Every structure is written in structure tokens, then in C-alpha cells.
Amino acid sequence: MGAQKSIHAGKAKIDVNVDFTHKICASMMLPSLRNTGSPLSLVIGSLCIKHPNLFGGSEKLDVSWDKGLYDSNILVAYRRPRPQWVAQQCFVMQHSLSPEIGVHGIPVDNFSRSGSGGVNLSRLSVGLDLNEPASSKWSSTTSIKFENVRLLSDDGRSITRDLDGFPVTCSGNAHDSMVVLKQESQYAKATDNSFSRFTMQIEQGIPVLSKWLIFNRFKFVASKGIKLGPAFLLTSLTGGSIVGDMAPYQAFAIGGLGSVRGYGEGAVGSGRSCLVANTEVTIPLSKMLEGSVFLDCGTDLGSGRLVPGNPALRQGKPGSGVGLGYGLRFKSPLGHFQVDYAINAFQQKTLYFGVTNLAS
């Protein structure tokens, strides 16, 4: 049961979306992470406030709050008008809270699901985004942000060690601090019968203070789509690596929806490096319904042992895995819905639900 409402207050627009979702329905899509008795734990929703002319000079202010069953995200973005031929500046402040099951989650049911490892990630970031003027095929964004990361238990207490007694931060304290310079570039090209996309991210930890993290994290995603008669073939390759200082929560988590289906989130592995390949063929069944078959595979390239505390070894993750299956894609004016049924290398089956591109 849910409700959506848009309110205009002067020049500002307020969008409210609230969904009262029963835990039984939620348990069909998400693993059981913790038991909460608060009535607010049943509510999923979002609140968005947009002001197009905050101080009378076309300054834009966006404030959004998204709440899931186990996570939340608050974002404040302030943009000042600038000429289109120069980089667009945006001041951003964000706080997110989510279970850290990709690295600290415990694989269960032959790695088909990931249960709570009792570690939750609280991240506060403040900084500036610079969006460079886009060319015909390339776009680029540069950001510099201060980040403070704190690890919490399921009952909200700060922790420094996981259930096995190993540190969950790089500093060994209750939180990590860092200044991160991030460069993201994207190339996209599309025709009537195909498209190509390449995204590259480079993050550099800057040692402003001696105790702050110094690292370089690199990630790329390359994808290609080709129309084959009525069918459509989509392939993608994702890879990355990190050198320098590292906390366990910075590891690349392999497994789950968007990675290797047939496994729980992070149930294949979590390492300093990763490589994931996905192949999917979709066939239209009707105007709004498509069927698909897919094959996913991924590996940590033997780097799981290089993550501090080696959580992947302690949790028995294999380090590599293959998943295959089939699914349905449903397109509607409200958004895109997908259901995938996958089996992993341990012959364990998993059902995934997904919702994207919801209309506001």
C-alpha cells in the first residue's frame, strides 16, 4: 500500500512517496538482516524538495531523503548558474546508512543468499562536483570530497571489529577519514541497431593529515549491445583494483543482482581486484514484456587474501563463480520491473526482483 503526492509551495516543489510495505512481502525480495520492532521499519519511501530560484539568482537547491527497509540516504545539492561552456559546479552534502553485507555478509544456502554480518556502514561526505561540458560522445565529472566513514552494529553502536574480532576500519578506530579526488569519464555511442558504452572511475585518497587514508582505486565498465533480428544481445565487462591504504569495506564485492546472479550479494568474493563478465539475450514476448537468458561469471583474481582481515577466506567464499538463468522484463509507464531466476555453480537456485526508472 503506497501513496504519492506533489506539492507546490511558492516556487518550490515537494514530492512525497510513501510505501507501507509488510515485512512478509519484503522478505521475498531481501534477505532478513535484523529484527526491528519499530513501526517505521515497515515504511519505504522518499521525500524530495526542489527549489529552482533559492536566492533570486537561479540558484537551485535539491534536498532528497530515501528510506528502505534497512538503509537510508539523505542528499543536499546546491547549484549556482554558470555559462554552459564552463564546468558546472555543485556543492553536495550526503549521509547514507546501509548494511555492509557485500564484504561482511555471511553466505548461506550454498552461497545463494547473504545474511547479516552485524556490520553497517555510515558514510558522511561533503564536497564539490564539477561537470565538464559534454562533447558529442564523452562526458566527464570531477569531484573532491571529505568523507567520514563509521561502522555500526545492528543496534546502532560504533564498532571497531567484526564478529570474528578483526578490525573493520583502516585506522583501527571507530571511523576513517579521507579526502577523495574522483575523476569519472564516460563514452557513449548509439545507433539504431547497437550501442557502446565505456565508463572509467579513478579515486585518489589525498593525505591531508597523516592518519587519513592514502589510496588509488580504479574501476571500469565496458558494455556493448547489438540487435540480432527481434532479439537483443547485451555484453558487459567490469573490472577494478585498489592500491595503498584500504579498509575492508572498500573491497570489490562480487555476487548478486548486477554482478554474478545465482549468488547472494558479495557471496562469490571480496578482493582488492575484480573482474566480472555478463552476457544476456532478451527476446520480446509482447509490447510490454520481454524474456531473457543470461550467463554471469566473476573472480577476485586471487586478491581476496590481500584485503585486511581476509573476510572472504573466513566466510568461505570461493573467489570465483558462474551463474546462469532466465528472467522476465516488464515495461510500464511507472517503471521497469524485472524477475530473474538463476542457478549458481553449487546448483543452488535464487530468485531476484528488481525495479528501475520509477516515474516521480
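Reading guide: rules and limits
- Residues numbered from 1 in each chain as written.
- Predicted model: local features only at pLDDT ≥ 70, side-chain atom pairs only at ≥ 80, totals over all residues.
- Heavy atoms only, no water.
- Patch = residues over 30% accessible without salt bridge, like charges linked within 9 Å, V, L, I, M, F, W, Y side chains within 5 Å.
- Areas by Shrake-Rupley, 256 points an atom, 1.4 Å probe, with all protein chains shown as cover.
- Salt bridge = Lys/Arg side-chain N within 4 Å of Asp/Glu carboxyl O.
- Helix = DSSP H or I, 4+ residues; strand = E, 2+ residues; numbered from the N terminus.
- Buried < 20%, exposed > 50% of the residue type's maximum accessible area, 1.4 Å probe, protein only.
- Pairing = 2+ DSSP bridges.
- Phe/Tyr/Trp six-rings, centres within 6.5 Å; stacked < 30°, edge-to-face > 60°.
- Lys NZ or Arg CZ within 6 Å of the ring centre and 35° of its normal.
- Contact = heavy atoms within 4.5 Å.

Participant: When you look at a nonpolar patch on the surface in this model, what are you seeing that I'm missing?
Facilitator: Among the surface-exposed residues, F91, M93, L124, L128, I144 and L181 lie close enough to one another that they form a single nonpolar patch of about 460 Å² accessible area. Those elements that provide at least two residues to the nonpolar patch are β6 (88-99) and β9 (120-131). I144 sits in the partly exposed class, given a relative accessible area of 40%.

Participant: Can you walk me through the pairing of strand β11 (residues 175-190) in this structure?
Facilitator: Relative to β11, strand β10 (residues 138-152) runs antiparallel, the two sharing 13 bridges. Bridging from a neighbouring strand, S140 pairs with S185 of β11. Bridging between β11 and strand β12 (residues 194-206) involves 12 bridges; their strand directions are antiparallel. When the bridges of β12 are listed, A188 appears paired with R197. Turn length for the β11-β12 hairpin, with the two strands adjacent in sequence and antiparallel, is 3 residues.

Participant: Would you mind going over the packing of aromatic side chains with me for this structure?
Facilitator: Two descriptors summarise a pair of aromatic rings, namely the distance from one centre to the other and the angle between the planes of the rings. Tallying each qualifying case throughout the model produces 9 aromatic pairs. Look at Y326 and Y341: their rings are 5.4 Å apart centre to centre, the planes differ by 40°, and that puts the pair in the tilted class. Here Y326 is found in strand β19 (residues 320-332), whereas its partner Y341 is found in strand β20 (residues 335-344), with 15 residues between them in sequence. Ring centres of F330 and F337 lie 6.3 Å apart, and the angle between their planes is 40°; this geometry places the pair in the tilted category. Sitting above the plane of the F252 ring, R217 keeps its charged end 4.1 Å from the centroid. Above the face of the F294 ring, R261 is positioned so that its terminal group lies 3.7 Å from the ring centre.

Participant: Would you mind showing me how to read the side chain of S185 here?
Facilitator: Counting through the fold element by element, S185 comes out in strand β11. Residue classification places S185 among the buried positions, given a relative accessible area of 15%. Residues contacting S185, with those up to four places away along its chain left out, are W138, S139, S140, F198, T199 and M200.

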